[in-house]
Amino acid sequence: MSKDLPPETSTHAAPIEVPGNPDLSGAAVAHKGWRNPEVLLIFMAAAMPLSFSTWMALLNNFSVEMADFTGREIGILQSLREIPGFMAFTAIFVLIILREQTFALISLLVLGIGVAISGYFPTVVGLYCTTVLMSIGFHYFETMQQALSLQWVKKERTAMVMGRQLSAKSVASLVMFGIVWAMLELLNVEYRYVYLFGGALTVIAAVFAWMAFPKFADAHPQTKKLILRKRYWLYYALTFMSGARRQIFTVFAGFLMVEKFGYDAATITLLFLLNHAINMVLAPKIGKLIGKWGERKALTFEYIGLFIVFVSYAFVENDKLAGALYVIDHLFFAMAIAIKTYFQKIADPADISSTAGVSFTINHIAAVFIPVAFGMLWLISPSAVFLSGAAMAAVSLILALNVPHDPEPGNEVVMGYKSHQPMLRPAE
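Every value quoted in this text rests on a predicted model; they were computed, and no experiment measured them.

Thresholds applied
- Residues numbered from 1 in each chain as written.
- Predicted model: local features only at pLDDT ≥ 70, side-chain atom pairs only at ≥ 80, totals over all residues.
- Heavy atoms only, no water.
- Axes fitted to C-alpha atoms, helices over the stretch in contact; angles between N-to-C directions.
- Helix = DSSP H or I, 4+ residues; strand = E, 2+ residues; numbered from the N terminus.
- Parallel < 35°, antiparallel > 145°, perpendicular 65-115°, else oblique.
- Left-handed = near helix turned anticlockwise from the far one by under 90°.
- Contact = heavy atoms within 4.5 Å.
- Nonpolar A, V, L, I, M, F, W, Y, C, P; charged D, E, K, R; others polar.
- Salt bridge = Lys/Arg side-chain N within 4 Å of Asp/Glu carboxyl O.
- Buried < 20%, exposed > 50% of the residue type's maximum accessible area, 1.4 Å probe, protein only.
- Phe/Tyr/Trp six-rings, centres within 6.5 Å; stacked < 30°, edge-to-face > 60°.
- Lys NZ or Arg CZ within 6 Å of the ring centre and 35° of its normal.
- Expected span 1.5 Å × (residues − 1).
- Arc of directions from axis to C-beta.

J.: Got a sec to walk through the packing of helix H8 (residues 233–259) against helix H11 (residues 319–331)? Specific residues and values, please.
T.: For the pair H8 and H11, the least separation of the axes is 11 Å and the interaxial angle reads 160°. Put simply, H8 runs roughly antiparallel to H11. Handedness of the crossing formed by H8 with H11: left-handed. Together, Arg245, Phe249, Ala253, Gly254 and Met257 of H8 and Ala322, Gly323, Tyr326, Asp329 and His330 of H11 make up the contact between the two elements. A class-by-class count of the residues in the contact of H8 with H11 yields 5 nonpolar, 3 polar and 2 charged.

J.: Residues and numbers for the pattern of salt bridges, please.
T.: Tallied over the full model, the rule gives 9 salt bridges. In this structure, the salt-bridge partner of Glu295 is Lys345, at a minimum N-O distance of 3.2 Å. Separated by 50 residues along the polypeptide, Glu295 in helix H10 (residues 295–315) and Lys345 in helix H12 (residues 337–346) bring together distant segments of the chain. On the basis of relative accessible area, Glu295 is assigned to the buried category, the value being 3%. On the basis of relative accessible area, Lys345 is assigned to the partly exposed category, the value being 24%. Three or more residues joined by partner-sharing salt bridges are found here, namely Arg245, Glu302 and Asp329.

J.: Residue-level account of the packing of aromatic side chains, with values.
T.: Tallied over the full model, the rule gives 22 aromatic pairs. Each ring, one from Phe103 and one from Tyr140, has its centre 5.2 Å from the other, and the planes form 50°; the classification is tilted. Pair noted here: Phe103 is in helix H4 (residues 100–116) and Tyr140 is in helix H5 (residues 124–152), with a separation of 37 residues, a long-range link. As far as the burial class goes, Phe103 and Tyr140 line up, both buried. Measuring from ring centre to ring centre gives 5.2 Å for Tyr232 and Phe343, while their planes differ by 80°; the resulting arrangement is edge-to-face. One end of the pair, Tyr232, is in the loop between helix H7 (191–212) and H8; the other, Phe343, is in helix H12, with 111 residues separating them in the sequence. Here Phe343 falls in the buried class, since its relative accessible area comes to 1%. The ring of Trp210 is capped by Lys215, whose NZ or CZ atom sits 4.8 Å from the centre of that ring. Its end group placed over the ring of Phe333, Arg245 keeps NZ or CZ at 3.9 Å from the ring centre.

J.: Please provide a residue-by-residue account of helix H14 (residues 382–400), values included.
T.: Helix length check: H14 (19 residues) gives 27 Å between terminal C-alpha atoms against 27 Å at 1.5 Å per residue, within 8%. Taken as a whole, H14 has its buried residues at Val385, Phe386, Gly389, Ala390, Met392, Ala393, Ser396, Leu399 and Ala400. Along the axis of H14, the buried residues cluster in a sector spanning 170°; they form a single face. On the buried face of H14, the contacting elements are H8, H10 and helix H13 (352–380).

The structure is reproduced here in structure tokens:
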């Protein structure tokens with residue numbers, strides 16, 4: 001594993017290039033028509049939830065009704081689902097063979113296949129296996145989607161384009177939640193065919209993207225080994241804290257709605273739909289705002305807001321206010337774009353793909369221990385769980401204040417280790 005030495009690079013086989021636009025050096029450039037890198041990124045972002053939202057919508061009912069799951073089995077399944085995220089750093093080894101764009105589309109295909117076949121294996125072991133397959137595709141796709149976004153999109157447009165990707169995901173999720181509901185409630189379609197339909201849509205989208213879009217040139221040859229650079233330490237820390245905060249929301253905030261305030265499944269589903277509807281509208285605007293404010297101000301705003309939300313979770317007694325907190329909490333997820341654009345500004349361009357895998361692993365470290373440890377704390381005091389989340393937000397705020405107003409190589413942090421001069425690539 002490399003530290004701060006100049007990375008070794010290798011190039012892929014010559015890609016098919018768009019006529020009139022021979023390369024993407026430095027960042028993605030404008031391509032005529034819709035067959036351009038930004039459209040592909042948004043299209044792939046929308047293709048992923050077609051299957052993943054189907055899987056999420058069906059999991060609890062299918063596992064209980066068809067596979068006789070108890071709390072023990074569902075806990076094991078969720079732990080297995082996180083393992084591919086923790087192992088995302090292995091993506092760099094696949095990139096020795098495949099280009100990032102190819103790997104992203106193959107991962108999308110694996111995700112779709114994993115969901116499509118889930119309904120045909122209604123057993124404990126069967127669900128474990130299809131979940132791992134689905135999760136491998138999901139986490140590798142998300143890793144490559146991030147890497148390609150940071151490589152292909154110009155720095156001044158990255159936050160806005162990532163906001164549009166979040167909006168596309170929300171639109172696709174809304175559509176699929178509605179279709180799944182209609183298939184189950186109005187048409188009485190069997191689970192296996194609902195899974196098959198959702199998974200097939202992602203498979204079809206992946207094949208379409210493979211055939212319809214050119215193989216875009218890589219902006220920079222990518223490092224083909226694992227790297228941990230000292231000068232990225234703040235990015236790693238922000239990523240870890242972001243992963244920890246995600247567990248508080250995904251595991252415990254929803255559980256609070258059910259246990260304390262008696263929200264039924266239909267009401268929880270409505271909250272999910274509301275979250276996606278709001279994200280659909282506001283995520284692109286948040287992306288533009290991050291581009292205007294800069295990462296330091298955006299992250300500071302996010303973590304002050306999260307501190308208030310987590311403290312409010314700890315003491316809320318009104319069910320409607322609790323639901324509002326849940327929606328606000330979810331909205332802050334879009335602000336995490338600022339962590340990615342901060343890295344894009346300080347990174348050696350050749351490090352992006354390798355670091356994308358490493359960052360997904362760092363982000364999932366918290367998923368290994370927080371659900372278990374905080375689950376035990378929940379038995380003693382649910383409020384203590386959310387106050388601990390508030391403490392995490394406070395730590396994140398301190399880290400955010402260490403982000404410079406104008407981050408760049410050589411100016412990665414306000415205080416602490418930084419490279420002494422901009423990172424220059426050695427002459428080829």
